[in-house]
Amino acid sequence: MKISKLNLLPLLIAIILFLIPFLWLRPGEMDLGGDGNRLYFYDPVSYLQLHTPYNIIPTGIGGDSISYYALPLVSLFAVLGYIVSIIHLFLGPATLLIGMVNGMKLSIAFISCYFIVKELFTYEYKLGKSIVKGITEISAIFAGLFYIFSPILINSGWDKAILSHIQIFLNPLMFLLLLRYFTTHKTLYLLGLLLVTFIFSLNFSYAAAPAFFAFYPLSFLFLFLYTKFIRKIRIPIKGLIVGGVVALLLNAFHIFPHVFNILSFGGDVSSSVFSDQTKFSRGLDYFTGIAPSVKASVGLLNLAQLRDIVLISLGFFIFPATILLSFLFNKKNKTRLLTGAFFLIVTFFATASITDIGFNFYKTLFYIPGFKMFRNFFAQWSFAQVFFYTLLFGQALGIVLHHTKKIYRILLLSFILTILSITAWPLMIGNFTNSINWLSKEISIVIQMDPQYEEALRFVREYPEDAKILSFPLTGPSYHVVAGKNGGAYVGPPMFSYIAGKNDFAGYESLFPFNEIFVNAAKKDNFLLIQKLLSILNIKYIFYNSDPYIYGENFLGFPYDYVKAFLPETQEGYKSFIEKFPINKAVSFGEKYHFYKISENIFLPHIFTATDTLYTNDPLNFQFVHQFSNEPRLAVFDTDDVLPQDGKGLFVETNNTNPLSHLLKNEHLHRHEPYISSKLGDIYYYLSVYKEKIHLWRLRNNFEEYPNFSFFYLSKRIFEISKWKDEMLILRKEWKEPKPWEFYAWYTYNSWEAIFARYEKSASDLIIWVNNSPSSNDWKKAVFIKLKEQFYQHHLLVITNIKGYREKKIGDRDYLFSYANKTFRNLIENLDVHIDDPSSISYTLPIPDDQLSDYDPYLEDAQNQLLEPFIDLEGKRLSPLKEQAKDGMIEFDTVRINEQKQYALQLHITQENIINKVQWMSSGQVKEERETSELEVYHLVGNNNAKITQDTGIVQKITNWKPKTQYLITFDYLTQGDDFIFSLYDRAYKFGLKNSLGANLMLQRLLNSNTWKNHQAIVTSAPDTEYGVIQFSGNSEKENSEIYIKNLSVVEIVYPKIYFKKVSKDQKAPTNPPKIIFKKINPTKYHIQVFGAKEQYTLVFLEKFNKNWKLQNPEKNTENMRGNLARLYGTISKYIVSLFIKNSGNEDKIVASHLNGDVKESNHNNIFLEPNTSETWGKDAIAEDRHFYVNGYANGWNIEPLDMDGKENYTLILEMTTQKQFYLFLPISLLTAIILFIVFVVNIFKKHEKNL
Amino acid sequence: MMIKKKLTLLSVFFKKNESSILTIMFLSIVADIFFPGASNDIRIFSITTIYIASIWFYKIKSRATFIFALFILAIMFILLLFTSTSANTEKAAVWLFFLIAIGIFQQMRER
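### A few points about the overall build of chain A
In step 1: Within chain A one finds 33 helices and 42 strands.
In step 2: On C-alpha atoms alone, chain A measures out to a radius of gyration of 35 Å, which is about the 33 Å that the 2.2 N^0.38 rule sets for 1252 residues.
In step 3: C-alpha atoms of chain A, sized along the principal axes, occupy 110 × 90 × 60 Å.
In step 4: Counting all 1252 residues of chain A, 59% fall into the buried class.
In step 5: Taking the contacts inside chain A whose residues are at least 6 apart along the sequence as the reference set, 78% of them involve residues at least 24 apart.
In step 6: Total accessible area computed for chain A in this model is approximately 53400 Å², and 57% of it derives from carbon and sulfur atoms.
In step 7: Between the mean site of the 124 positive side-chain charges and the mean site of the 116 negative ones, chain A shows a separation of 13 Å.

Following this line, the structure appears as structure tokens:
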């Protein structure tokens, strides 16, 4: 492609487009936040050294996650950043890098599209006349502008762009290189293309799989068809095969580790690809959730989905119109026909709304393993859609211009240019990169780094211990919020983790699996538990950003929303909250950034030897039960993994079997809201009836989904009434379901009787299914409670709908009232699920195999609130040894467990009614007679149930209503045949409508009785609630109506934990574990020196459990073929590496000593590569079969003296062994890249010489 | 023999009333777009099948399909203007998609 005069204009445009993004940010400004942080712009060197080359999650408790797919690009950024920092350009390295990447996106995308369209168009139109040349140029330029200024790409996330956003230019560039290679067979294009795959390896990795699979397969197919059938050129098969192999070698460093990860069944990645649960819950469910919002009309106009249609959007009709006109003007252009077909294919995938059959076909694709990556389909296919739209539009514009008069050409081009300019204007002036942080008070995402925060970063990077940080104010998604000098704020993953090399617990998510435990402890000021958490999470420092700018009015919701309910709401509150922590030293950087060091007696080092071991069936929670072990160096094992050899330290926690414990999160109050589109009277409604039946039949073995969808379909009946009530027939006779051949009776589905009959049948089917299911009785009862709650909700909805029904004949409404009441009262009364007395709580005792013995039962009573407790163990009454709890625990009589079975037991306690005195607030009359309240309710005809005012009903405020507590509300009532509504409100319930008392509706029931009846309801209060409200309001047609209430009680439902401690004759002998010194080599490798290991001991590594963390004995070779090969490779690589790099010369120096000197930390390093990197290759791993979960998340090894041949002093190497795959494949990729680069340069020189 | 004769008569009838039949068919597409409620596959595929049969029977050129597609595009424009992305707009979009697909297929065969 030679640069001619005609090429000058597009080149000039490309240069301008490259330069424009440099104006978006002022010197020193950066846009770094977002889900996938962009900290590689700010400090690419640290990002490269500390994060990119390691398959470790740098935040929270760690875990494995491959991140090295971006290695070449981040390395390139590091080099460019270094060069820029040397030459001191005025913008600053980060600003320049951001501008450069954005400039590349615009300019390369434009110029690539230009050349592609020109190439495609030129072949079909001979370039004999200058007019044709001019039209070709203009069409190609407009196609390029159309692509980069497409609303889809403009709205594709320029702010907080993740790395794969570079597909904006990568897709057209790769297509262009492929097109040129297919049509010219010149190796240079193939070489260039391969180098691009290496530099931008991220876009060819697992992380960018959706973007890759949405674009490249279709592009290859297009090019194949175009070359073979339109250009009639031979496909360079050999070149493509060689190219494919080279591409694989170039990207081997990330592709192979990922493939091994996917094929390692049971791992995180594997389960996300293959498991049914993720396939449906994270794939299909998400897809079906967002699909209705994605519109075909929007896609056909090249507009962005899920955005408002503004007036200028209507101008986009010019693009499909131009395409259609081109088809009218010219029938011969084969390329355009092929492009049109591909455009339709991508439009189908990008919109998923081309007919119901098309949508259902799309849904079936989610059964293909891995297809769930397209759950966010419209975004993932949008880049391919815009690209093929561009090709089609570019060619179509050329044809239209060719067939129209000059004046029309000018008008058309002016209109297109105007539309594109208006759309592109916000992007061109940098509005998209200067956007506002989500839900903030107009706080820009662009920051200039605060020098004091940079000092804080340096402090974190340099503190000597290998220990973690807890950051406050705590956020929900584990983000840091840092104010910039310019008034903007960084909201994104913690910088301490990514560019300072220390794991940071910056939020709720990174505290998993202890997040709920932590926030609840913080809410209750339970600092005993928080201390324990700080220990087992290896937290040494607390970082507190006291800046009011980042916590308060500027960020009222995101990213703090959920956790704010538990933690202080103001910076002042945080200050006093932090003071309660066991801290002893503070370092501050400026006024805002403070570090507090956790007391040494609380701190547990990253690696330590345990002094006490316990075994339980719930290690995650049991470790916080301080009553059974005061040892800080505690290792708690799961009895599913390992049992104590001597029976000592075994604790069995009873399993709660109370049905109400399945409803702790108010699952029964969930309201399904199905979307109703089909009319009941339509002829094909019959098909949807069978579709529902078939769906349920397919779910018949799915114990979670069958009841859920049954509830969904029950709700569907009620919502059908809401939507179609005025069109529904009243048959006034019993309805029978028509047989398939009775098509003349299908219309009867559109009747009230049919709806009620189908509702009853579905409910009865569900009851039968639950009764026949092999699940536990408590689960069955929980489902029935949920079902009953659905009946209550639906009864009220139906009655409300009947009130709004337009009567066709006098008496219709009365008939419907009577029919509905009869139906629902029958359903409610026949479903006999009386809620058990909360003073009797059921449990089972799962004694592990071969652990029959005497056991001491302990009942947890931290608040000292359980009254008169006793345990009934299969008829045997166990009484407490003392009446009062000691240190929050009540000990019971010893009991002999002599049978290997699941024991059933019941805890009996006395529960008190929290409403001491009923005091009604109301406009009605309240008479109290013999504990019965006679409540007269005034003028409530047609009242609005959503709002409580002093005029609507009788209200009882529950003041001692505790947060996050389950309550049973019971009362007896008599309404003398009138309808009343019982409502329950909670001050902070998130879902219901708010009443005038400031509380939100949780549940409502319709009450009607002629005799005294008992009513029960259960709810769990909101986490940050203050009070609850009970209300009775009238719902009858009368002006005044009376209700009698007695025995109103609100009782807290508790599930205290019961532990059975195995009685051992001998006391536990004090353990004397060995002393250790450990040293971090890099995040995937540690050296551990062990001293005085005379007996078996437990080594604990406080990092997320992963079977690939292995302890290796560097002195013992693995004696098999694999071991020999690994050692050979290791020796060779050691030799090669030693030619360039020497082993770390710094001497071992103790930088920290913990646990009375039992654990010491040597000066830690962060060495990615040195001759010793391969020292463990072909070496034996020890205690692999004794590597267990400890403390609910971490790694623990029970090490026997024999594992180290009886030695007492030795060195172990702890390594994440999957990292070795990276070390294996990286040299292959690097070598291939170097060779390829040399060949590429040689080719260019050869071509240059030839031209000369 | 009788069947053949009847088919011939039918064919003659359809040929004689070509403009009326095509008008009815085009109007039925327009009616489907303006018909209240969501799109319906039975209607869409029935009309599409009849349209494809008409292309074969009446030798309709791709040009006619694309002119009709332009007409549907205009309807989509009006609907989008007044009803935003309503069910009717979406039905127009689906018809536009189908007509472009049919037109492209026709043009491939016409070459």
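### Structural notes on the overall build of chain B
In step 1: Check the secondary structure of chain B and you find five helices and zero strands.
In step 2: Reading the secondary structure of chain B in the N-to-C direction produces α-α-α-α-α.
In step 3: Across its three principal directions, the C-alpha atoms of chain B cover 55 × 35 × 20 Å.
In step 4: Across the 111 residues that make up chain B, the buried fraction comes to 41%.
In step 5: Relative to all contacts within chain B whose residues are 6 or more apart in sequence, the contacts with residues 24 or more apart total 77%.
In step 6: Accessible surface for chain B amounts to roughly 6300 Å². Of this, 75% is attributable to carbon and sulfur atoms.

### Observations concerning the pattern of salt bridges
All names here are of chain A.
In step 1: Applying the stated criterion to the full structure yields 41 salt bridges over all chains.
In step 2: One salt bridge in this structure joins R633 and D1158, with 2.6 Å as the shortest N-O distance. Here R633, found in the loop between helix 26 (619-622) and strand 12 (634-638), pairs with D1158, found in the loop between strand 37 (1150-1154) and strand 38 (1159-1162); they are 525 residues apart in sequence, far enough to count as distant.
In step 3: Given a relative accessible area of 17%, D1158 falls into the buried group.
In step 4: Notably, a salt bridge pairs K1013 with E829, separated by 3.3 Å at the nearest N-O pair. Placement of K1013 in strand 29 (residues 1013-1020) and of E829 in helix 31 (residues 812-830) is noted, with a sequence separation of 184 residues between them.
In step 5: Via salt bridges that share partners, E692, K716, R717, E720 and R758 belong to a single interconnected network.

### So, the packing of helix 28 (residues 705-724) of chain A against helix 30 (residues 777-803) of chain A
Residues and elements named next belong to chain A.
In step 1: Viewed as axis vectors pointing N to C, helix 28 and helix 30 meet at an angle of 5 degrees, and their least axial separation amounts to 10 Å. Taken together, helix 28 and helix 30 sit at an angle that is classed as roughly parallel. Of helix 30, the residues touching helix 28 (which contributes P707, F711, L714, S715, I718, I721 and S722) are W779, V783, K786, L787, Q790, H794, L797, V798 and N801.
In step 2: Its residues assigned to classes, the contact of helix 28 with helix 30 comprises 10 nonpolar, five polar and one charged.

### Concerning the confidence of the model for chain A
In step 1: Across chain A, the average pLDDT comes to 89, with 94% of residues at 70 or higher.
In step 2: Low pLDDT, under 50, characterises residues 938-951 of chain A; the stretch is placed with 40 contacts to residues that sit more than four places away or in other chains.

### Concerning the interface of chain B and chain A
In step 1: Contacts between the two partners involve 34 residues from chain B and, on the opposite side, 33 residues from chain A.
In step 2: Carbon and sulfur atoms make up 77% of the surface buried where chain B meets chain A, a total of about 3100 Å² over both sides.
In step 3: Linking chain B with chain A are seven residue pairs in polar contact (both at pLDDT 80 or more).
In step 4: Elements with a contribution of two residues or more to the side of chain B that touches chain A: helix 3 (41-58), helix 4 (62-83) and helix 5 (87-110) of chain B.
In step 5: A class-by-class count of the residues in the side of chain B that touches chain A yields 21 nonpolar, seven polar and six charged.

### Quick word on helix 8 (residues 167-184) of chain A
All names here are of chain A.
In step 1: Taking 1.5 Å per residue as the helical rise, helix 8 with its 18 residues ought to reach 26 Å, and the 25 Å between its terminal C-alpha atoms agrees with that figure.
In step 2: In terms of burial, helix 8 is a largely internal element, 17 of the 18 residues being buried.
In step 3: Where helix 8 terminates, the next one or two residues include H185, which has phi positive at roughly 60 degrees.

### Side note on the sheet that holds strand 3 (residues 468-475) of chain A
Residues and elements named next belong to chain A.
In step 1: Here five strands make up an open sheet; going across it, the order is 6-3-7-9-8 and the pairing mixed. Because the sheet does not close on itself, it has two edges, and the strands there are strand 6 (504-507) and strand 8 (583-589). The sheet shows a mean angle of 20 degrees between the axes of neighbouring strands, taken without regard to direction.
In step 2: Two elements, strand 8 and strand 9 (residues 593-598), share six bridges in a ladder whose sense is antiparallel. Paired with A586 across the strands is Y596, a residue of strand 9.
In step 3: Contacting strand 3, strand 7 (539-545), strand 8 and strand 9, helix 21 (residues 451-462) crosses the sheet at an angle of about 25 degrees to strand 9.

### Things to note about a nonpolar patch on the surface
Residue and element names in this part refer to chain A.
In step 1: A surface patch of nonpolar side chains, about 1100 Å² in accessible area, is lined by M1121, L1125, L1128, I1132, Y1135, I1136, L1139, F1140, I1141 and L1169.
In step 2: Looking at where L1169 falls in the secondary structure, it is placed in the loop between strand 38 and strand 39 (1179-1182).
In step 3: Note on L1169: relative accessible area 33%, which makes it partly exposed.

### Looking at unusual backbone geometry
Glycine aside, residues mostly have negative phi angles, and peptide bonds mostly take the trans form.
Residues and elements named next belong to chain A.
In step 1: The omega torsion across F472 and P473 is 0 degrees, close enough to zero to call that bond cis.
In step 2: Between F558 and P559 the backbone carries a cis peptide bond, its omega angle lying at 0 degrees.
In step 3: Notably, D850 is not glycine yet its phi reads approximately 60 degrees, a positive angle.
In step 4: Inspection of the secondary structure assignment puts D850 in the loop between strand 15 (840-846) and strand 16 (853-860).
In step 5: Backbone geometry at N1156 places phi at a positive 55 degrees, although glycine is not the residue there.
In step 6: Inspection of the secondary structure assignment puts N1156 in the loop between strand 37 and strand 38.
In step 7: Overall, the relative accessible area of 82% leaves N1156 in the exposed class.

### Here we look at the packing of aromatic side chains
Residue and element names in this part refer to chain A.
In step 1: Evaluation of the coordinates by the stated rule reveals 136 aromatic pairs over all chains.
In step 2: Judged by centre distance (6.1 Å) and plane angle (70 degrees), the rings of F743 and Y744 are edge-to-face. Taken as a pair, F743 and Y744 share a single burial class, namely exposed.
In step 3: With a centroid separation of 6.3 Å and 40 degrees between ring planes, the pair formed by W752 and F756 is classed as tilted. Here W752 and its partner F756 are both found in helix 29 (residues 752-772), four residues apart, which amounts to about one turn of the helix. Pair check on accessibility: W752 and F756 agree, each one buried.
In step 4: Through pairs of rings, three or more aromatic residues link up here, namely Y147, F175, F204, F212, F213, F215, Y216, F222, Y226, F342, F387 and F388.
In step 5: A cation over an aromatic ring shows up here: K502 above the ring of Y463, its NZ or CZ 3.9 Å from the ring centre.
In step 6: The lysine or arginine in question, R732, covers the ring of Y815, its NZ or CZ lying 4.5 Å from the ring centre.

### A closer look at the packing of helix 5 (residues 93-124) of chain A against helix 19 (residues 377-402) of chain A
Two numbers describe a pair of packed helices, the interaxial angle and the distance between the axes.
All names here are of chain A.
In step 1: As a packed pair, helix 5 and helix 19 sit with axes 10 Å apart at the nearest point and diverge in direction by 50 degrees. As summarised for this structure, helix 5 and helix 19 are arranged oblique, according to the angle between their axes. Once helix 5 is placed against helix 19, the crossing between them reads as right-handed. Seen from helix 5, the contacting residues are C113, I116, V117, L120 and F121; seen from helix 19, they are F387, T390, L391, G394, Q395, G398 and I399.
In step 2: When its residues are assigned to classes, the contact of helix 5 with helix 19 shows eight nonpolar, four polar and no charged.

### Remarks on the environment of K61(B)
Residues and elements named next belong to chain B.
In step 1: Mapping K61 onto the fold places it in the loop between helix 3 and helix 4.
In step 2: Separated by 43 residues in sequence, K61 and E18 place their C-alpha atoms 14 Å apart.
In step 3: If near-sequence neighbours (up to four positions away) are discounted, K61 is found in contact with Q106 and E110.

### Topic: the environment of K1013(A)
Residue and element names in this part refer to chain A.
In step 1: Of the residues examined, K1013 reaches a relative accessible area of 28% and is grouped as partly exposed.
In step 2: Expressed as a C-alpha distance, the spacing of K1013 and D972, which sit 41 residues apart in the sequence, is 5.3 Å.
In step 3: Polar side-chain contacts of K1013 include one of 3.3 Å to the side chain of E829.

### Side note on the nonpolar core
In step 1: Counting 211 residues, the largest nonpolar core has F319(A), Y362(A), F377(A), W381(A) and I72(B) as its most contacted members.
In step 2: With residues up to four places along the chain from it excluded, the contact list for F377(A) reads F287(A), I290(A), A291(A), V294(A), F349(A), A350(A), T351(A), A352(A) and Y362(A).
In step 3: Among the nonpolar cores identified, the runner-up in size contains 116 residues, and L474(A), L567(A), A885(A) and A1194(A) belong to it.

What counts, and where the lines are drawn
- Per chain, residues are indexed from 1 in the order of the written sequence.
- As they are written, the chains are lettered A onward and the ligands numbered 1 onward, keeping that order.
- Only residues with pLDDT of at least 70 are given local features in this predicted model, and only at 80 or more are side-chain atom pairs given and counted; all residues enter the totals for whole chains, interfaces and linings.
- Computation of side-chain values: all heavy atoms of the structure, hydrogens and water removed.
- We count a stretch as a helix when DSSP gives it H or I for four or more residues in a row; a strand needs E for two or more, and each element gets its number in order from the N terminus.
- Put simply, the radius of gyration uses C-alpha atoms, and a globule should come to 2.2 Å times the residue count raised to 0.38.
- Burial status follows relative accessibility: with a 1.4 Å probe on protein chains alone, a residue under 20% of its type maximum counts as buried, one over 50% as exposed, and anything between as partly exposed.
- We call two residues in contact whenever any of their non-hydrogen atoms come within 4.5 Å of each other.
- Accessible surface area values rest on a Shrake-Rupley calculation with a 1.4 Å probe, where residue burial reflects the displayed protein chains alone.
- Two residue types count as positive, namely Lys and Arg, and two as negative, namely Asp and Glu; His and chain ends fall outside the count.
- Think of each charge as sitting on NZ of Lys, CZ of Arg, CG of Asp or CD of Glu.
- Any Lys or Arg side-chain nitrogen found within 4 Å of a carboxyl oxygen on Asp or Glu counts as a salt bridge.
- Note on definitions: angles span 0 to 180 degrees between N-to-C directions of axes, and those axes are lines fitted to C-alpha atoms, for helices only across the stretch in contact.
- Roughly parallel means an angle under 35 degrees; roughly antiparallel, over 145; roughly perpendicular, 65 to 115; everything else is oblique.
- Note on residue classes: Ala, Val, Leu, Ile, Met, Phe, Trp, Tyr, Cys and Pro are nonpolar, Asp, Glu, Lys and Arg are charged, and everything else, Gly too, is polar.
- A residue's pLDDT is the predictor's confidence in that residue, given on a scale from 0 to 100.
- By definition, the buried area sums, over both parts, the 1.4 Å-probe accessible area that each loses when the two are put together.
- Here a polar contact is recorded for every N or O atom pair within 3.5 Å, except that within protein the pair must consist of a potential hydrogen donor and a potential acceptor, and residues adjacent in sequence are included only if both atoms are side-chain atoms.
- Any helix carries an expected span of 1.5 Å times its number of residues minus one.
- Only strands joined by at least two bridges in the DSSP assignment are considered to pair.
- Residues with no salt bridge and a relative accessible area higher than 30% make up the patches, which join like charges within 9 Å and nonpolar side chains (Val, Leu, Ile, Met, Phe, Trp, Tyr) within 5 Å.
- Each Phe, Tyr or Trp ring, with Trp reduced to its six-membered ring, pairs with another whose centre is within 6.5 Å; inter-plane angles below 30 degrees give stacked pairs, above 60 give edge-to-face pairs, and intermediate values give tilted ones.
- We call a charge positioned over a ring when the NZ of a Lys or the CZ of an Arg lies within 6 Å of the ring centre and within 35 degrees of the ring normal.
- Handedness of each helix crossing follows the sense of rotation of the near helix against the far helix: counterclockwise by less than a right angle gives left-handed, clockwise gives right-handed.
- What we call a nonpolar core is a set of buried Ala, Val, Leu, Ile, Met, Phe, Trp, Tyr and Cys residues that are connected through their side-chain atoms within 4.5 Å.

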